[in-house]
Amino acid sequence: MQDARIAADALRDHVAAIFAAAGNPDAHARAIATHLVDSNLAGHESHGVIRVPLYLDWQAAGRVVPGRAGHVASDAGAGATIDGEFGYGQVVGETMVAEGAARAARHGASVLALRHAGHLGRIGGWAEMAAARGLVSLFFVNSPGRGGIQVAPAGGRERRLAPHPLALGVPREAGPPLVLDITTSVVPEGKVRVALNRGAELPEGAIVDSEGRPSRDPRAYYGPPAGALLPIAAHKGAGLCMMIDLLAGALTGGGCSDPRVDGKGNNMLAVFVAPDRMAGGEALRAEARDLATWMKSAAPLRAGDEILVPGELEARHRAERLAAGVPLDAETLRQVAAAAAARGVAPLAT
């Protein structure tokens, strides 16, 4: 099997068929596929269809449960706690955004604590969804227990925290929303997996091996013996990672990083703000437009380079890949094909 470009619609249909064949309701299978393929379209392969076999393994092990969309476990008006019941994160996340948007429309802002969700995928996707509703949004996500522990603290070589991500989204007057979507490690584990599949090296400063030596070989991370991801910005990133763990894990009741607990899925603290109830949506969108223009007007370090603002690169990837197809490496294609064949789904034409 060779590297190939696959039409987004065909890939989405194929992935949805796999999850439906695995026992997920059709609407849920479509939601899972849509979010995974959109991650590929946005250029974030680490959270795209490379995760199909991993998600199915989790489902077989009972770590994620098909057919569950989550429910409001406690209601505090502008605030609420949603229990995801370990349903697929792509399904539970849609429940969370809809609930948060409805409450922000009533109260001007809302804060939602989501616990016990399956893997929530690319967090920037939820910020994009909120921005499409005209909302400003903030998301803090953690992976509880010992399963997600992958990151060494600044100055350490042993894993202590998960690479907890955060995302912020702001709608603007024209073009895609401004969306900052980052993990608190130099690269997320998914990008290590992508590099492993492609036989590629990692960037400098992304991981250390089990002895604490810097490495660019993804195999040094997985071991055995296992290495560790490194935090962004040394102690600043490690501190941010720890605080996100508390916001997403402790406030939601879903738990923090803990080697004594076999945690599952993700927890998320989400904030939604309706700008029309503040200074005004029109003012916000105009300021976002002007600030982005001001940022992009800076002279580049190197001639020919371009200043990009948050969300711009993802929008360009999406436009190019919708036109030319989603690029997938041969190993990822093989893994998805094996998952399809095991469930009696017809092969994907490449």
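For the structure, check the block above.
Quick caveat: nothing in here was measured; it's all calculated off a predicted structure.

Draft legend 1. View of the pairing of strand β3 (residues 79–83). Among the five residues in β3, five count as buried, and that is most of the element. Burial along β3 is two-sided: Gly79, Thr81 and Asp83 facing one way and Ala80 and Ile82 facing the other are all buried. Here strand β2 (residues 71–76) runs beside β3; their pairing, made up of five bridges, is antiparallel. By the bridge assignment, Asp75 is partnered in β3 with Ala80. Here β2 folds back onto β3 in antiparallel fashion, the turn holding two residues, of which Gly77 has a positive phi close to 80°. Bridge count between β3 and strand β4 (residues 109–117): five bridges; the pairing is parallel. When the bridges of β4 are listed, Asp83 appears paired with Arg115. As a crossover connection, the stretch from β3 through helix α4 (residues 89–107) into β4 is right-handed.

Draft legend 2. How the structure looks around helix α10 (residues 312–324). The terminal C-alpha atoms of α10 lie 18 Å apart, and with 13 residues this matches the ideal 18 Å at 1.5 Å per residue to within 8%. Taken together, the buried residues of α10 touch β1 (4–6), α2 (26–41), α5 (124–132), α9 (281–296) and β12 (326–328). Of the residues trailing α10, Gly325 is marked for its positive phi of about 100°.

Draft legend 3. Inspection of the pattern of salt bridges at higher detail. Counting across every chain of the model gives 26 salt bridges. A salt bridge links Arg318 to Glu128, with the shortest nitrogen-to-oxygen separation between them at 3.5 Å. Of this pair, Arg318 sits in helix α10 while Glu128 sits in helix α5, placing them 190 residues apart in sequence. The partner of Arg334 in a salt bridge is Glu331, and the shortest N-O contact between them spans 2.6 Å.

Draft legend 4. Structural detail: the state of the cysteines. Summed over the entire model, instances satisfying the criterion amount to zero disulfides. With no disulfide partner, Cys241 has as its closest neighbouring cysteine sulfur the one in Cys256, 11 Å distant. Look at Cys256 and you get partly exposed, because its relative accessible area is 22%.

Rules of the game
Residues numbered from 1 in each chain as written. Predicted model: local features only at pLDDT ≥ 70, side-chain atom pairs only at ≥ 80, totals over all residues. Heavy atoms only, no water. Buried < 20%, exposed > 50% of the residue type's maximum accessible area, 1.4 Å probe, protein only. Helix = DSSP H or I, 4+ residues; strand = E, 2+ residues; numbered from the N terminus. Pairing = 2+ DSSP bridges. Right-handed = clockwise from strand over helix to strand, strands pointing away. Expected span 1.5 Å × (residues − 1). Contact = heavy atoms within 4.5 Å. Salt bridge = Lys/Arg side-chain N within 4 Å of Asp/Glu carboxyl O. Disulfide = S-S within 2.5 Å.

Shape is all these values report; function is a separate question.
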